[in-house]
Amino acid sequence: MNADESDEAENPMENAGVAQPSHPLKIALISLHGLIRAHNPELGRDADTGGQIKYVLEMARELATRPEVGEVELLTRQIIDPRVSDDYAQLEEPISDKAKIVRIPFGPKRYLRKESLWPYLEMFIDQTLPHFKRNGLPDVIHGHYADAGYAGAQLARLLRIPFVFTGHSLGRVKRERLSIENGDEDILEKKYRFTTRCESEEFALETATMVITSTNQEVKEQYELYDHYVPARMEIIPPGVDLSSFSPPPAGWRPPESIAEVERRFFCEPNKPVILAMARADERKNLDMMLHVYGQSDRLREMTNLALIVGTREDIRGLPKAQQVVFEKILYLIDYYDLYGKIAYPKAIPQEDVPEIYRWATVSKGVFVNPALTEPFGLTLLEAGATGLPIIAPNDGGPRDIIANCRNGVLIDPMDAGDIEKALLRALTDPDQWEEWSTNGLQGTRAHYSWTQHVTRYLRDIKDIHEHSTAPSLTISTRKRRLPSFDRLIITDLDNTLTGDDEALERFIDLISHNKHVGFGIATGRRLDSAMELIEDLKLPRPDLIDTDVGTQIHYGEHLTPDRSWRLNMGFAWQPDEIRRVLDSIPGLYPQAEEKQSEFKISYEMDPTVSPSIPALKKILREAGLRAKVIFSLGMYLDIIPVRGGSDLSMRHVLWKWGFAPEHVLVAGDCGNDAGMLLGRTLGVVVANHSEELNRLRGRPRVYFAQAAHAGGILEGIEYYNFLDKIVIPNDGSE
Ligand code: GLC
């Protein structure tokens, strides 16, 4: 086995503070949930396929028009599911010349709602690494929403590429709102996975060099709730409206057939101004309020028609329950207020006719109204504005900025029917006012909300970040390197995983010694010196790889060659003195002996009955402005390590370097400091004597909980995956 020199292929520039030469930028956008396709996107098809999807597609398209951008990849999930189009199964789809969608398979093949994606994100990371290896590393990774925020941040940390984050909507805000509305925290947690989501957002914020937000309010009232909120890293760059599609009606405009049909089928007097409301069938969009306003106002009913465009449906009963409720309310209120002949609520409007709907309302001298209870952004308001249709919108985040920038309508209180009616009448009965708002909207949206504008500002920041970052350390080297001679690898923890059952350990050693095609690695919380001591005591074979100090040090082979690039990686944002200063005074934390401490590992013994909880400790560090990972093991050890350390990242680093497929690697452990490496696409084995911290990995794909304890559990896992022969993965998590 000659893994010894695998460290030779280093990038001489790495971390040397050398600025990047300017070359056309390669940008990786990541957006994982929903249905993303470039042609005829199915916006509004479900709760996960809405504004964000549109945002990333348009951003990718516009970025690719710039000369300074060489390539844009939009990474998302591959979906193979008869319930959705097979477009989502294609591994690649061009968006334009220099932009494409890349669909990465991970987790089950079927379509999943975003709350169900969490267990598979590690798999996404492991699948994306070989993609980057084949296609070249991006200069910047930009994660969208908490899921891609987490996954993108992990990739960025590992590859040392600048990371940009856009939350789109934030878990804390949603949790607060829903818990006021429905109260039961447990049910909400189960349904929305808030803990995981908010932790992922913290992780993304901690990693991000820049956070892109759309509005002022988003920064002040949303990001500010996070421990890792750093004002200096926030950039407010509102997204654009696709001005090529949302333009005013030309002279002599006639409605397309789909809209002419709406007029014929729904309106007795189609020549009246149209009050247009367009939103997903979501309770929070407050559409029933519009029916109350309209149903109770004689003047509005007399003067206008009302059009509700509430998303495509075939059979209302086939929709998710929450949407059914919205439709049932609407249908009931139409009947209750007897609005027949005055209100349109078509089952479907072809996507390409959406801009025409706004033109239709504009030509009729109508108004666009958005009665949503909260509106963080309000893309439809911009689309209306860009078409010349005055807007009426809730006095909340997005609309406040829009109306301040464009002065093309009024803000209303979405709970106050009288207020909404008054605003509507003002737009509908004063032609001068209507003209002014219409013109202001046309001009204001173009000046403030075009993708051209957005991307110009975005690239200015990105270029700045790029010029000040060093070359990614894992740049693919063409230099030859000696690969390890084995084709599979077992990496195991020492204490309590390998040790504890001497007879089973004998058998394990025997197995390693007799299978030369299997490499052997150790990953431990011990320091290198103490790990080597134990390895000798136990008469283990010399490991090909030894990962010590809780994933902060890596050495290879016979001569314990240190991994220099990994070492350089650790110093990032690491402030050990500050961390000690903060934690030494916390009750229930007792520093471990000096010989257990090391350069990148601060270790305590912890008495959880006295000390704050782990989340509380994390919060304490964050609030002190410190960035670090907090790892709890065996119910009593607390390790604080650098953000770029830990066995999850160290394992990936090694596999990347060696070009080793994760499914050829079996990892075994028993406690919290092993959790990182047990996730991901390697084949995990948890021995039966594991500690409580690992229970949260139950049910995760590729994590096998053995019946046998200690080395017996590892042997059982080897058998489970048929690891020595033709590997099978019964718990793959994809059907
Ligand atoms: C080992 C280390 C100790 C660490 C623990 C958990 O026991 O010696 O310092 O806290 O592992 O990672």
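Residues numbered from 1 in each chain as written. Predicted model: local features only at pLDDT ≥ 70, side-chain atom pairs only at ≥ 80, totals over all residues. Heavy atoms only, no water.

1. Some words on the overall build of the chain
Within the chain, the regular secondary structure consists of 26 helices and 26 strands. Compactness check: the chain gives a C-alpha radius of gyration of 29 Å against a globular reference of 27 Å for 735 residues, within 12% of the reference. With respect to the three principal axes, the spread of C-alpha positions in the chain is 90 × 55 × 50 Å. Of the roughly 29200 Å² that the chain leaves accessible, carbon and sulfur atoms contribute 51%. Between the averaged position of the 85 positive side-chain charges in the chain and that of its 111 negative side-chain charges there is a distance of 3 Å. (Helix = DSSP H or I, 4+ residues; strand = E, 2+ residues; numbered from the N terminus. Rg over C-alpha atoms; globule rule 2.2 N^0.38 Å. Areas by Shrake-Rupley, 256 points an atom, 1.4 Å probe, with all protein chains shown as cover. Lys, Arg positive; Asp, Glu negative; His and termini not counted. Charge placed at Lys NZ, Arg CZ, Asp CG, Glu CD.)

2. Quick look at the pairing of strand E24 (residues 665-669)
Of all five residues in E24, five are buried; the element is thus mostly enclosed. Covered by surrounding structure in E24 are Val665, Val667 and Gly669 together with Leu666 and Ala668, the residues of both alternating faces. By the bridge criterion, four bridges tie strand E15 (residues 488-492) to E24 in an arrangement that is parallel. Note on E24: the bridge partner recorded for Ile490 is Leu666. (Buried < 20%, exposed > 50% of the residue type's maximum accessible area, 1.4 Å probe, protein only. Pairing = 2+ DSSP bridges.)

3. Focus: the pairing of E15
The side chains of a regular strand alternate, residue by residue, between the two faces of the sheet. Burial analysis of E15 places five of its five residues in the buried class, which makes it a mostly covered element. Covered by surrounding structure in E15 are Arg488, Ile490 and Thr492 together with Leu489 and Ile491, the residues of both alternating faces. As paired elements, E15 and strand E16 (residues 518-523) share five bridges and run parallel to each other. When the bridges of E16 are listed, Ile490 appears paired with Phe520.

4. Some details on the nonpolar core
Core analysis: the largest hydrophobic core is formed by 89 residues, its most contacted members being Phe124, Leu583, Leu638 and Ile640. Here this core gets ten residues from one element, more than from any other, and that element is helix H3 (residues 145-159). Apart from residues lying up to four places away in sequence, Ile640 is in contact with Trp574, Ile579, Leu583, Phe600, Lys601, Ile602, Tyr604, Leu621, Ala628, Lys629 and Val630. Listed in part, the 69 residues of the second largest apolar core include Phe246, Leu291, Ile309 and Leu424. (Core = buried A, V, L, I, M, F, W, Y, C linked by side-chain atoms within 4.5 Å. Contact = heavy atoms within 4.5 Å.)

5. Description of the environment of Ala384
In this fold, Ala384 is placed in helix H13 (residues 379-387). When residues no more than four places from it in sequence are discounted, the contact partners of Ala384 are Tyr358, Phe368, Leu389 and Ile391.

6. What about the site of the ligand?
As a structural note, the neighbourhood of the ligand is formed by Gly525, Arg526, Val550, Gln592, Lys596, Lys601, Ser603, Ser633, Tyr637, Asp639 and Asn673. Here an oxygen atom of the ligand and a side-chain polar atom of Asn673 are 2.6 Å apart. Relative to its free-state accessible area of 310 Å², the ligand is covered by the protein chains to the extent of 90%. Of the domains in this structure, domain 1 (1-7 + 485-570 + 646-735) and domain 4 (573-643) are the two that each give at least three residues to the shell around the ligand. (Near = heavy atom within 4 Å. Polar contact = N/O pair within 3.5 Å; in protein donor to acceptor, adjacent residues only side chain to side chain. Domains from an automatic or database assignment.)

7. With respect to the packing of helix H9 (residues 287-296) against helix H15 (residues 417-429)
Packed helices, taken two at a time, are described by the angle their axes make and the gap between the axes. The N-to-C vectors of H9 and H15 enclose an angle of 70°; their axes lie 9 Å apart at closest approach. Comparing their axes, H15 and H9 come out roughly perpendicular. Once H9 is placed against H15, the crossing between them reads as right-handed. Between H9 and H15, the residues in contact are Met289, Met290 and Val293 and Ala417, Ile420, Glu421 and Leu424, respectively. Residues belonging to the contact of H9 with H15 are distributed by class as follows: six nonpolar, no polar and one charged. (Axes fitted to C-alpha atoms, helices over the stretch in contact; angles between N-to-C directions. Parallel < 35°, antiparallel > 145°, perpendicular 65-115°, else oblique. Left-handed = near helix turned anticlockwise from the far one by under 90°. Nonpolar A, V, L, I, M, F, W, Y, C, P; charged D, E, K, R; others polar.)

8. Digging into the pattern of salt bridges
Tallied over the entire structure, the rule returns 49 salt bridges. Between Glu115 and Lys114 there is a salt bridge, with the nearest N and O atoms lying 3.9 Å from each other. Notably, a salt bridge pairs Arg652 with Glu122, separated by 3.1 Å at the nearest N-O pair. Taken together, the positions of Arg652 in helix H24 (residues 647-658) and Glu122 in helix H2 (residues 121-135) put the pair 530 residues apart, joining distant regions of the chain. For Arg652, a relative accessible area of 6% gives the class buried. Each of Arg172, Glu199, Glu202, Asp227, Lys618, Lys619, Arg622 and Glu623 takes part in salt bridges that share partners, so that together they form one network. (Salt bridge = Lys/Arg side-chain N within 4 Å of Asp/Glu carboxyl O.)

9. Side note on the domain arrangement of the chain
Entries for the chain in the domain assignment read domain 1 (1-7 + 485-570 + 646-735), domain 2 (25-240 + 454-467), domain 3 (257-449) and domain 4 (573-643). On a C-alpha basis, the centroid separation for the pair domain 2 and domain 4 is 31 Å. For the domain 2 and domain 4 pair, buried surface summed over both sides reaches about 750 Å², with 33% attributable to carbon and sulfur atoms. Looking at the side of domain 2 facing domain 4, the largest losses of area belong to Arg157, Glu206 and Asp227, adding up to 59% of the total buried there. Inspection of the domain 2/domain 4 interface yields five salt bridges. (Buried area = accessible area lost by both parts, 1.4 Å probe.)

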